[in-house]
Amino acid sequence: LGLPPSAVPDGEGMSSLTREGQPEGESWRPPSLDDPKFGEWDDKNEAHVGGSNWAGGTGGSNTAGLGGRGGPYRLDRGHKVHQVSDSAKAEVSEEQERVAREMAEK
């Protein structure tokens, strides 16, 4: 899978992917920025960190959640927030921001 040697279980059944010297919570391989979307709903309300799949996840791209970038609006499902860096947020294009705003206003 190409995971770094420092990928370790975090005690909640997920992996924390970090690299030495990397700030906590900053993704070392964020997903590409696609059009904003709601995301898939998890009926079990498990914690989802990063990626671009789940509604209500944290630190991801393109989906409704907290701490991410490019999503259409905030959606808090009660999990610890993983915040992406300001530089990662700056990668969101004006067009993607426009589409996200339009989704949020519906």
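Rules of the game
Position numbers for residues start from 1 in each chain and track the written sequence from start to end. Selection of residues for local features in this predicted model requires a pLDDT of at least 70, selection of side-chain atom pairs for listing and counting requires 80 or more, and totals for whole chains, interfaces and linings are taken over all residues. Processing note: side-chain calculations cover all non-hydrogen atoms of the structure and skip hydrogens and water entirely. Strands are runs of DSSP state E lasting at least two residues, helices are runs of H or I lasting at least four, and both sets are numbered from the N terminus onward. We call two residues in contact when some of their heavy atoms are within 4.5 Å. Per-residue and other accessible areas were derived by the Shrake-Rupley procedure at a 1.4 Å probe size, with only the shown protein chains allowed to occlude residues. Within this document, salt bridges are pairs made up of a side-chain nitrogen of Lys or Arg and a carboxyl oxygen of Asp or Glu, the two lying within 4 Å of each other. Relative accessibility under 20% of the residue-type maximum defines a buried residue, over 50% an exposed one, and the middle range a partly exposed one, all with a 1.4 Å probe and only protein chains included. The patches reported here contain residues having more than 30% relative accessible area and no salt bridge. Joining distances are 9 Å for like charges and 5 Å for nonpolar side chains (Val, Leu, Ile, Met, Phe, Trp, Tyr). In summary, the pairing rule links any two rings of Phe, Tyr or Trp, Trp by its six-membered ring, whose centres are within 6.5 Å, and it sorts them by plane angle into stacked for under 30 degrees, edge-to-face for over 60 and tilted for everything else. We count a charge as sitting over a ring when the NZ of a lysine or the CZ of an arginine lies within 6 Å of the ring centre and within 35 degrees of the ring normal.

**A short note on the overall build of the chain**
Looking only at helices and strands, one finds two helices and four strands in the chain. The order of helices and strands in the chain, counted from the N terminus, is β-β-β-β-α-α. Put simply, 38% of the contacts in the chain that link residues at least 6 apart link residues at least 24 apart. When the accessible area of the chain is evaluated, it comes to approximately 7,000 Å², of which 48% is carbon and sulfur surface.

**Here's the deal with the pattern of salt bridges**
Inspection of every chain in the model, using the stated rule, returns three salt bridges. Between glutamate 95 and arginine 98 there is a salt bridge, with its nearest N and O atoms 2.4 Å apart. Of the two residues, glutamate 95 and arginine 98 both sit in helix α2 (residues 94-105), three residues apart, roughly one turn of that helix. Residue glutamate 95 is classed as partly exposed on the basis of its relative accessible area, which comes to 45%. Among the ionic pairs, arginine 98 bridges to glutamate 102, the shortest N-O distance being 2.6 Å. In this pair, arginine 98 and glutamate 102 both sit in helix α2, four residues apart, roughly one turn of the helix. What makes glutamate 102 partly exposed here is its relative accessible area of 38%. Look at the salt bridges and you will find they share partners, linking Glu95, Arg98 and Glu102 into a network.

**Describing a nonpolar patch on the surface**
Residues Phe38, Trp41 and Tyr73 make up a contiguous nonpolar surface patch of about 290 Å² in total accessible area. Topologically, tyrosine 73 is positioned in the loop between β4 (65-66) and α1 (86-89). Among the residues examined, tyrosine 73 registers a relative accessible area of 32% and is labelled partly exposed.

**Regarding the packing of aromatic side chains**
According to the stated counting rule, one finds two aromatic pairs in the structure shown. Ring centres of phenylalanine 38 and tryptophan 41 lie 6.2 Å apart, and the angle between their planes is 15 degrees; on these two criteria the pair is classed as stacked. The exposure class assigned to phenylalanine 38 is partly exposed, which follows from its relative accessible area of 33%. Note on tryptophan 41: relative accessible area 44%, which makes it partly exposed. Between phenylalanine 38 and tyrosine 73 the ring centres are 6.5 Å apart and the planes differ by 40 degrees, which places this aromatic pair in the tilted class. Placement of the pair is phenylalanine 38 in the loop between β2 (15-16) and β3 (57-58) and tyrosine 73 in the loop between β4 and α1, with a sequence separation of 35 residues. Through a chain of ring-to-ring contacts, three or more aromatic side chains come together here, namely Phe38, Trp41 and Tyr73. One residue, arginine 77, lies across the ring of tryptophan 41, its end atom 3.6 Å from the ring centre.

**What to know about unusual backbone geometry**
For asparagine 45, which is not a glycine, the phi torsion comes out positive at approximately 55 degrees. Here asparagine 45 shows up in the loop between β2 and β3. One non-glycine residue, asparagine 62, adopts positive backbone phi at about 80 degrees. Considering the arrangement of structural elements, one finds asparagine 62 in the loop between β3 and β4.

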